Structures are given as structure tokens and as C-alpha cells.
Amino acid sequence: LHRRLHLESTGDEMARLGATLNAMIGRLETSFGGLRRFTADASHELKTPLTVLRANVERAMSSPQGSSEQLVALEEALQEITRMADLVDSLLTLARFDEGRFDLHRESIELEPIVRDVYETAVILGEAAGLEIAMPVLEPATVLGDAARLRQLFLNLVTNAIKYTPTGGTVELRLDAGEDTVAFTVRDTGIGIAAADLPYIFDRFWRADRARSRRVLGEHVSERGGFGLGLAISQWIAQAHGGTLTVASRLTRGSTFTVTLPLIGEQVLPVQAAPAAY
Ligand code: ADP
């Protein structure tokens, strides 16, 4: 949308067509900008009422007079509030990225302990889901980056792999250090992603057809899925570190997500954020 059309002046008709198209592109740009602004403002406005709601529900839960049905209802309300607060956080994170504000605390960090920590969390989650979690390679690597954000990125990929892999499957993590870059890979033997869906998986709010996922996953599909923002955020984190996030997948066979980051000293940071695809 940033590129304007440059048509040779081959007559009035073409010039008019060019002008009309350029005007339309301009209007589209304005409305995408407006949509981003609206999302950012709305998310921001939702933060305070959610905090108030949470405090009230928590206070009601600790009251000694409540019946057990009331307690169940309050617990459900609290779960929904948490879910909504997570959504609002994700939207605000993406809104900041759109404005080119990465808010990264850049420092020299060792990836090995972060990946080891993510692996330990994966083992606990994997046990509950009946999956084998493996980490055949864990090489030392130092990058310039934000430890909390990178941890969030790795954990997103690992929790997705666990979420989309039926019981009995395997999720494998590895950290391979190369000459100039380091690769963090998560491979699962899960439901996979259809070739036709692959171009969309990093789009905001995109989720694979639920009916199909449910068929493939059978009983194990979680009715309370995410919002389809995790991979959009993950890709931004990788790009904000001068890296990439890529995927290879086959339906019913499994998926491999790879984060590639420049090793310290090799980093070329993005100058400005690209506009988001809504
Ligand atoms: P969420 O998991 O919250 O829906 P994400 O942005 O993390 O959102 O993922 C978007 C979609 O990509 C998911 O809904 C799912 O359809 C697909 N997906 C992501 N990771 C995997 C995976 N490891 N295996 C199969 N499908 C996946």
C-alpha cells in the first residue's frame, strides 16, 4: 500500500485512471491507519475496567458467605477476565509495534539458559498432554536482545506445538549456533497446517478452520483456544531483533517453526516498523 502507481502519460484516460487509483490507495492507507489507532485506543480504554472487574471478582471470591455455585460462577468470570486481559495486552503490544516502538531492552544475552528454561516448562506442559518433549541440541549463543521478549517468542512456539499435537506425539526443541546466526527450532508431529493456509498463519486473528482441527485432534482439541495473535507477535519479536521466523508444515504430519537470529555483532536492526496487515 505504500507504493504509488506511476503510469506513463499515455493519454488522458490513463492519467485519470492513475489519479483515481492513487486516490483510492490514499484512502485505504488512511482507513488502515484509523483502524490501527482505534484498536490501540480501544485496548487502552479496556485496561482500567478490566482491572476493576478483576479486583471486584477476587474480593467477592474471598467472601465467606458465598455458596459453592456462586464460587464456580466467579471462578468462570475470573477466567474470562484473564482471557480478555491477555487479549488486550497482545493488542497493545502489536499497536506499539505498529508505531515502530519496539520497547526492547537490548543487552547482550545468552540464549542457552533461556531455551533450557523454556524446555523445562515444555516438559511440565508436555507431561500433562501426554507428549514426549526432546531437546537433542543446545549450543551456546549470545545475541543482542530483550531476554523477556525472546523467552515469550520461544514459549509461544513451544505452547503452540504442544497445543496442536495429539497425545502420543513428540515436540522437539533445538538451539543450533552457526557462523553468523543462531537457530531456535521447534518441530512437532502434530496436526500440521494445510499448504493453502500457510501464507496466512502470521496474520492477526487468523486461526485454522476449527472444525478441521477438531476432526484431526479428536477429543484433545481445546475449546478455549487463543485469539490468533501469538504468531503475529512472535514474528514481530523475531523481526525486531533483526531475525526471521519461518515455518514448514504438512497437514496431519506436523510443523517446524524456526527462529533465526543474528549472533552478537552481526545485527542489522529494522529502521522502522512495516504497516500491519489486518
Ligand atoms: P492461536 O494459537 O492463539 O490460535 P497463533 O497466532 O499462535 O494463535 O496461531 C495461529 C494459528 O496457526 C493457530 O490457530 C493454528 O491454526 C495454527 N498453528 C500455529 N502453530 C501450529 C502448530 N504447531 N501446528 C499446527 N497449527 C499451528
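Residues numbered from 1 in each chain as written. Predicted model: local features only at pLDDT ≥ 70, side-chain atom pairs only at ≥ 80, totals over all residues. Heavy atoms only, no water.

J.: Lay out unusual backbone geometry with the relevant residues and their values.
T.: Even without being a glycine, Phe205 presents a positive backbone phi close to 70°. Mapping Phe205 onto the fold places it in the loop between strand S5 (181–188) and helix H5 (210–217). On the accessibility criterion, Phe205 (42% relative accessible area) is partly exposed. The phi angle at Thr252 is positive, at roughly 70°, despite the residue not being glycine. Among the secondary structure elements, Thr252 is positioned in the loop between strand S6 (244–250) and strand S7 (254–262). (Helix = DSSP H or I, 4+ residues; strand = E, 2+ residues; numbered from the N terminus. Buried < 20%, exposed > 50% of the residue type's maximum accessible area, 1.4 Å probe, protein only.)

J.: Can you lay out the site of the ligand for me, pointing to particular residues and giving the numbers?
T.: Close to the ligand lie 19 residues, the nearest being Asn160, Tyr164, Asp188, Arg207 and Leu231. Tyr164 places a side-chain nitrogen or oxygen 2.9 Å from an oxygen atom of the ligand. In the environment of the ligand, an oxygen atom lies 2.5 Å from a nitrogen or oxygen atom belonging to the side chain of Arg207. Its free accessible area being 520 Å², the ligand has 97% of it covered by the protein chains. Taken together, the elements giving at least two residues each to the shell around the ligand come down to helix H4 (147–163), helix H6 (230–240) and S7. Among the elements that take part in the shell around the ligand, H4 stands out by supplying three residues, more than any other. (Near = heavy atom within 4 Å. Polar contact = N/O pair within 3.5 Å; in protein donor to acceptor, adjacent residues only side chain to side chain. Areas by Shrake-Rupley, 256 points an atom, 1.4 Å probe, with all protein chains shown as cover.)

J.: Describe the packing of H4 against H6, with residues and values.
T.: At a closest axis distance of 9 Å, the pairing of H4 and H6 adopts a crossing angle of 140°. One finds that H4 runs oblique with respect to H6. When the axes of H4 and H6 are compared, the crossing they make is left-handed. Contacts between H4 and H6 involve Arg149, Leu150, Gln152, Leu153, Asn156, Leu157 and Asn160 from the first element and Gly230, Leu231, Ile233, Ser234, Ile237 and Ala238 from the second. In the contact of H4 with H6, the residues fall into seven nonpolar, five polar and one charged. (Axes fitted to C-alpha atoms, helices over the stretch in contact; angles between N-to-C directions. Parallel < 35°, antiparallel > 145°, perpendicular 65-115°, else oblique. Left-handed = near helix turned anticlockwise from the far one by under 90°. Contact = heavy atoms within 4.5 Å. Nonpolar A, V, L, I, M, F, W, Y, C, P; charged D, E, K, R; others polar.)

J.: Summarise the environment of Gly243; cite the residues concerned and give the values.
T.: Residue placement: Gly243 occurs in the loop between H6 and S6. Residues within four places of Gly243 in sequence aside, it is in contact with Ala238, Thr260, Leu261 and Pro262.

J.: Can you lay out the sheet that holds S6 for me, pointing to particular residues and giving the numbers?
T.: Taken in spatial order, the five strands of this open sheet run S2-S4-S5-S7-S6, and their pairing is mixed. A single partner strand is all that each edge strand has here, and the edge strands are strand S2 (132–138) and S6. Each adjacent strand pair in this sheet contributes to an overall mean axis angle of 10°, direction not counted. When S6 meets S7, the two strands line up antiparallel, connected through seven bridges. When the bridges of S7 are listed, Ala248 appears paired with Thr256. Relative to the sheet, helix H3 (residues 111–129) contacts S2, strand S4 (170–177), S5 and S7, its axis offset from that of S2 by approximately 165°. Across the sheet, H6 lies against S6 and S7, angled at about 135° from S6, the strand it touches most. (Pairing = 2+ DSSP bridges.)

J.: Hey, could you go over the packing of helix H1 (residues 12–61) against helix H2 (residues 68–98) for me, with residue numbers and the actual values?
T.: With their axes 8 Å apart at the nearest point, H1 and H2 run at an angle of 155° to one another. By the criterion of interaxial angle, the relationship of H1 to H2 is roughly antiparallel. The hand of the H1/H2 crossing is left-handed. Among the residues forming the contact of H1 with H2, the class breakdown is 17 nonpolar, four polar and seven charged.

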